[in-house]
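Given next are the chains, with one letter for each unit.
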Amino acid sequence: MPIQIISATPGPTTTERILELILAHPQGITIKELSNRLNRPVSMVNLCLKPLLTSKQVYVRLSESGMQQIYYPSAIA
């Protein structure tokens, strides 16, 4: 059976979709919620969050219980 290479479908990237979700939730959103809404593994969401954090489009804080990281949109985003 020959191997067939597929090409990406057009549309927003996972990183762009993550940013849209974070911007839509100014009260903050956890990585698990992002993962569930995007139907992507947490590891992929983590990889896509790195450039958003580096560019300061989003920031992260620990929840009051200190158990979860919550992502918020930056004022400059």
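Before any of the text, the structure's been laid out above.
An account of the accompanying structure is given in this report.

A look at the sheet that holds strand 2 (residues 58-62)
Next up, step 1: Strand order in the open sheet made by the three strands is 1-3-2, with antiparallel pairing throughout. For this open sheet the edge positions go to strand 1 (29-30) and strand 2, each flanked by a neighbour on one side alone.
Next up, step 2: Relative to strand 3 (residues 69-73), strand 2 is paired through five bridges, and the arrangement is antiparallel. Note that in strand 3 the partner of R61 across the bridge is I70.
Next up, step 3: Taken strand by strand, helix 3 (residues 42-54) contacts strand 2 and strand 3, and its axis lies near 110 degrees from that of strand 2.

Some details on unusual backbone geometry
Next up, step 1: Here the phi dihedral of N39 falls at roughly 55 degrees; this positive angle occurs in a residue that is not glycine.
Next up, step 2: Among the secondary structure elements, N39 is positioned in the loop between helix 2 (31-38) and helix 3.
Next up, step 3: Phi is positive for K56, which is not a glycine, with a value near 60 degrees.
Next up, step 4: Mapping K56 onto the fold places it in the loop between helix 3 and strand 2.

With respect to the packing of aromatic side chains
Any pair of aromatic rings gets described here by the distance separating the centres and the angle formed by the planes.
Next up, step 1: Under the definition given, this model contains one aromatic pair.
Next up, step 2: With centroids separated by 5.3 Å and ring planes inclined at 20 degrees, the aromatic side chains of Y59 and Y72 adopt a geometry described as stacked. Note that Y59 is positioned in strand 2 and Y72 in strand 3, a separation of 13 residues in sequence.
Next up, step 3: Looking at Y72, the relative accessible area reads 18%, which means it is buried.

Definitions and cut-offs
- Residues numbered from 1 in each chain as written.
- Predicted model: local features only at pLDDT ≥ 70, side-chain atom pairs only at ≥ 80, totals over all residues.
- Heavy atoms only, no water.
- Pairing = 2+ DSSP bridges.
- Helix = DSSP H or I, 4+ residues; strand = E, 2+ residues; numbered from the N terminus.
- Contact = heavy atoms within 4.5 Å.
- Axes fitted to C-alpha atoms, helices over the stretch in contact; angles between N-to-C directions.
- Phe/Tyr/Trp six-rings, centres within 6.5 Å; stacked < 30°, edge-to-face > 60°.
- Buried < 20%, exposed > 50% of the residue type's maximum accessible area, 1.4 Å probe, protein only.

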